[in-house]
2 protein chains.
Amino acid sequence: MESVFQNETIKEILAKYRRIWAINHAQSVLGWDMEVNMPKEGILERSVAQGELSVLGQEFLLKPDFVELVEKAKGLELNEYERGVVRVLDRSIRISKAFPPEFLREMSEVTSQATKAWEEAKKSDDYSKFEPWLDRIIDLAKRAAEYLGYENEPYDALLDLFEEGLTTRDVEKMFDKLEKELKPLLEKIMEEGKVPQSHPLEKERYEQAQMERVNRWILEKFGFPLGVRSRLDVSAHPFTTEFGIRDVRITTRYEGYDFRMTVLSTVHEFGHALYELQQDERFMFTPIAGGVSLGIHESQSRFWENIIGRSREFAGLIYPTLRENLPFMANYTPEDVYLYFNMVRPDFIRTEADVVTYNFHILLRFKLERMMLNEGVKAKDLPELWNDEMENLLGIRPKTYREGILQDIHWAHGTIGYFPTYSIGTLLSAQLYYHMKRDLDVEGLVGEGNFGPIKEWLRERIHRWGSIYPPKELLRRAIGEELDPEYFIRWVRERYL
Amino acid sequence: MESVFQNETIKEILAKYRRIWAINHAQSVLGWDMEVNMPKEGILERSVAQGELSVLGQEFLLKPDFVELVEKAKGLELNEYERGVVRVLDRSIRISKAFPPEFLREMSEVTSQATKAWEEAKKSDDYSKFEPWLDRIIDLAKRAAEYLGYENEPYDALLDLFEEGLTTRDVEKMFDKLEKELKPLLEKIMEEGKVPQSHPLEKERYEQAQMERVNRWILEKFGFPLGVRSRLDVSAHPFTTEFGIRDVRITTRYEGYDFRMTVLSTVHEFGHALYELQQDERFMFTPIAGGVSLGIHESQSRFWENIIGRSREFAGLIYPTLRENLPFMANYTPEDVYLYFNMVRPDFIRTEADVVTYNFHILLRFKLERMMLNEGVKAKDLPELWNDEMENLLGIRPKTYREGILQDIHWAHGTIGYFPTYSIGTLLSAQLYYHMKRDLDVEGLVGEGNFGPIKEWLRERIHRWGSIYPPKELLRRAIGEELDPEYFIRWVRERYL
């Protein structure tokens, strides 16, 4: 395989980058091991090791000779791969340099204590335990926005941190349309009752070994290279991690009931993993290997979860395997599985939300985050604002903090500006689907269990480009459009009405 | 817990050492994952990451300010912990500095190609494929000895590399006695037939899940903190690895027959792990945490394997569990298990050798290695020398290279001078046993499954001291003696005659 990197300065940059790559690789392995294998008292030594490696990685990134090379490269004639390298590194350096060390230390201390406070607050449903910490986190987020800089409003800086190039204006436009069109749609779905609000399959119990066989069968059907370039393991919160292009691992969990959750989370993580596995191998060891952003990544996982995993054809495809492994399936039809996977029911908890109501959960958080950053809203006002907005959007009002403002760990972790990427992924997955339909009989292929053409389409349009192009440009090249919520609304209409 | 480190220079050294510690930690996790979990095509990226981290660790160790601090500390008034830190670091620095980079590169290239050649040679039983590589490795070993320096003969330098302070003279003395006394003993054992040469249990087949339950039961009896500070996994070659004091993992393997192998290898690795788990926690993140040498480490694993695991009382202790999990055990008694675990039979393969003949396998390799280093023996002469010596020591002559000189991977890896540590461990385990017997009713405790006092004895005498003292001094402090093969000979006599 011929290298795509010809420029001498770029080659020099990439040679130096190798040790940063190696540190990242090690960090990923340490993180994966911590979630999947680590005996519980290993935590102290593991945390120290991770802290040291993370400082080390930063140091190499900000070494003057490295930064100088990247600066120099910005002025050179480069091919698109090389320009990608410079863009990604320049962005990393800019973000790393933005925060003074004492700010990072404060952030790390506050968020680690805030996380503990949040856990206790959630356990005892006592918001007052978390409230002062949330105020400190809002304050830190504001300062972070100032350090990073922004054009229009502070929240822009945080959005861009998680999704390169994303602005508040983009998100607002997206949600304005969604709120206007999706709200009446949801009401209609509930009225018409084409999909149920609950299903007896939710209550059926299974053994882990049974569903593990089903998940492995599905992954094999997808052509997931288990044991060759990937693994499926178990962790408390399902996730995907890539140690490189040739070792991408996913996890799932087994609740013991409501098997939809383990199936769809496995399918979701597969979508993330496929993006990493289908990278151009010539990008190995470079900063342009790997998915370009959280939003694009989520579009891949949601594509497999919602478009493929919740289709009638997929229910039909996996039904025999479900039947073989779950004795209770004898009482249900493939159509039951389809309906069960597609229940729509306004509820309080985001992570358990269905495809239609999910975006309202994100919209709510977006509105609140924006108020925190731009409008001086304080932690004490947030529970009321949360509940009012919940009632406005989904017609239900939380009775506890636990099913309201205390449900997510994100703010305790200091991640403000992250939630919108979830909706971007959801909307984009539908948009990609309608573009794919122009080229492929998607449903027919799923029914046959023939996923090759679907994977190839995604590889060619999205995966192989790694992080060469920023998200918006990648999209323009892939489908000739920018993000458009219309596709998702159409998908909901076609699917649920 | 109060720190044992008071001196400011030492504190400064340890603060800087943290990142070396973190890199070592990461290297261990990467290595463990490679053997236990890694999907097979992950190898390319993993190797690059390991190579980069290993260079990085070396760089930090040899940074002028770090080396200077260690040099400075050598002249200070220090407590024994602090002196230990200086001794361990000074030794590491000295060894790291000894080899020029181009030598290390050559070593790494030659050994990686030699390993491939050895694999092919072994597979096709064709020594000529390995012979030229072995000559290059002998040459590299000689040069390594010159770089390291030595007092009497080149082989001294290599022995010291693997076992601090060990000399050819020490090993020679040990083996002279062994050869003289153990040879007639072995003949007598074979004549008297108190233990068998083979046993029908060797042929009995089992399912992995059955023996996994047995191994876990044994480890729980030993008080191994599975899931808390340790794990038991499966790998092609059983090993122990420590990521720190609180995360020490062992592996075993399941051949599917001859269950003695999986039991005794689990017990063996437990012995290694216990040494790491019982370190003084105040040594965490420092270079004096962890076993001091290969020989002392092997004394711990052999103690559990040979002294505990092959005792009549242990056979009695585990018999009910074996019976519960292995249907065929209904046809055998606890005495059968004991005899099966204690078979003595001269055979060709070191890794399958019994307790008595094992040391002859090492003696043979010691003789050959010494000839390579000191007497100019070439690869072409070695097979004949091997076979002659095998006939001399065990009365059997290999008919293939595979059961002779091609059996071990060690030389292909460039590790010459390593084998003697295996015998040191074996001999020392018996020596520790007789000292332990003065304080404890070892057999009684094993029979009761009460391992606490045995573990505590080992902790107090050996484990808690980490690497503070060099091996010989540790031994003098632990039992007031130096290594003496007499104990092992006595143990063989008492056990097998």
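Everything quoted here is computed from the prediction, not taken from an experiment.

**A look at the nonpolar core**
Core analysis: the largest hydrophobic core is formed by 355 residues, its most contacted members being F259(A), W304(A), I454(A), F259(B), W304(B) and I454(B). With sequence-adjacent residues up to four places away left out, I454(B) is seen in contact with F303(B), W304(B), I308(B), M436(B), L440(B), V442(B), L445(B) and V446(B).

**Structural notes on the pairing of strand β3 (residues 248-252) of chain B**
All names here are of chain B. Burial of β3 is extensive: five of the five residues sit out of reach of the surface. Burial of β3 is two-sided: the residues V248, I250 and T252 facing one way and the residues R249 and T251 facing the other way are all buried. Bridge analysis of strand β1 (residues 230-234) against β3 gives five bridges, and the strand direction is parallel. Opposite S230, over in β3, you have V248 as the bridge partner. In the sheet, strand β2 (residues 240-242) pairs with β3 via three bridges, with the strands oriented antiparallel. Directly across from T241, in β3, lies its bridge partner R249. What sits between β2 and β3 in their antiparallel hairpin is a turn of five residues.

**Observations regarding the UniProt feature "active site" (unreviewed entry) in chain A**
Residue and element names in this part refer to chain A. The UniProt feature table records "active site" (unreviewed entry) at E269. Residue placement: E269 occurs in helix α10 (residues 260-277). E269 gets classed as buried once you look at its relative accessible area, which sits at 8%. Ignoring anything within four residues of it in the chain, the contact list for E269 reads P238, F239, T240, I250 and T251.

**Details of helix α2 (residues 43-61) of chain A**
Its 19 residues place the ends of α2(A) 27 Å apart at the C-alpha level, agreeing with the 27 Å of an ideal helix rising 1.5 Å per residue. Every buried residue of α2(A) is listed here: E45(A), R46(A), V48(A), A49(A), Q50(A), E52(A), L53(A), L56(A), G57(A), F60(A) and L61(A). Residues of α2(A) that are buried sit in contact with α1 (8-36), α3 (64-74) and α4 (80-98) of chain A together with α1 (8-36), α2 (43-61) and β3 of chain B.

**Overview of the UniProt feature "binding site: Zn(2+)" (unreviewed entry) in chain A**
Residues and elements named next belong to chain A. Annotation from UniProt places "binding site: Zn(2+)" (unreviewed entry) at H268, H272 and E298. Despite a sequence span of 31 residues, these residues sit close together in the fold, their greatest C-alpha distance being 8.7 Å. Position of H268 relative to the elements: it lies in helix α10. For H268, the contacting residues outside a window of four places in its chain are E298, S301, R302 and E305. Residue position: H272 is located in helix α10. The class of H272 is buried, set by a relative accessible area of 11%. Residues within four places of H272 in sequence aside, it is in contact with T240, H297, E298 and S301.

**Some remarks on the interface of chain B and chain A**
With 41 residues of chain B at the interface, the matching set in chain A holds 41 residues. Across the chain B to chain A interface the summed buried area is about 3600 Å²; carbon plus sulfur atoms make up 59%. Applying the counting criterion to the chain B and chain A interface returns eight salt bridges. Between R249(B) and D33(A) there is a salt bridge, with the nearest N and O atoms lying 2.8 Å from each other. Those elements giving two or more residues to the side of chain B that touches chain A turn out to be α1, α2 and β1 of chain B.

**Quick notes on the sheet that holds strand β2 (residues 240-242) of chain A**
Paired through backbone hydrogen bonds, the strands of a sheet run either parallel or antiparallel to each other. Residues and elements named next belong to chain A. Strands sit in the order β1-β3-β2 across an open sheet of three strands; the sheet is mixed. Every other strand in the sheet has two partners, leaving β1 (230-234) and β2 as the edge strands with one partner each. Here the average twist between neighbouring strands, direction ignored, is 20°. Sitting on the sheet, α1 is in contact with β1, β2 and β3 (248-252), with an inclination near 35° to β1.

**A few points about the environment of T167(A)**
All names here are of chain A. Structurally, T167 can be placed in the loop between α7 (154-162) and α8 (168-192). Owing to a relative accessible area of 25%, T167 belongs among the partly exposed residues under this scheme. Residues T167 and A157, 10 residues apart in the sequence, show an inter-C-alpha distance of 8.0 Å. Ignoring sequence-local partners within four residues, the contact set of T167 consists of D156 and L159.

**What about the side chain of S423(B)?**
All names here are of chain B. Relative to the elements of secondary structure, S423 occurs in helix α16 (residues 420-439). Assessed through its relative accessible area of 0%, S423 is described here as buried. If we skip the residues at most four places from it in the chain, S423 touches M174, F175, N359 and I362.

About the criteria used
Residues numbered from 1 in each chain as written. Chains lettered and ligands numbered in written order. Predicted model: local features only at pLDDT ≥ 70, side-chain atom pairs only at ≥ 80, totals over all residues. Heavy atoms only, no water. Core = buried A, V, L, I, M, F, W, Y, C linked by side-chain atoms within 4.5 Å. Buried < 20%, exposed > 50% of the residue type's maximum accessible area, 1.4 Å probe, protein only. Contact = heavy atoms within 4.5 Å. Helix = DSSP H or I, 4+ residues; strand = E, 2+ residues; numbered from the N terminus. Pairing = 2+ DSSP bridges. UniProt positions renumbered as here; feature names shortened; annotations may be inferred. Expected span 1.5 Å × (residues − 1). Buried area = accessible area lost by both parts, 1.4 Å probe. Salt bridge = Lys/Arg side-chain N within 4 Å of Asp/Glu carboxyl O. Axes fitted to C-alpha atoms, helices over the stretch in contact; angles between N-to-C directions.

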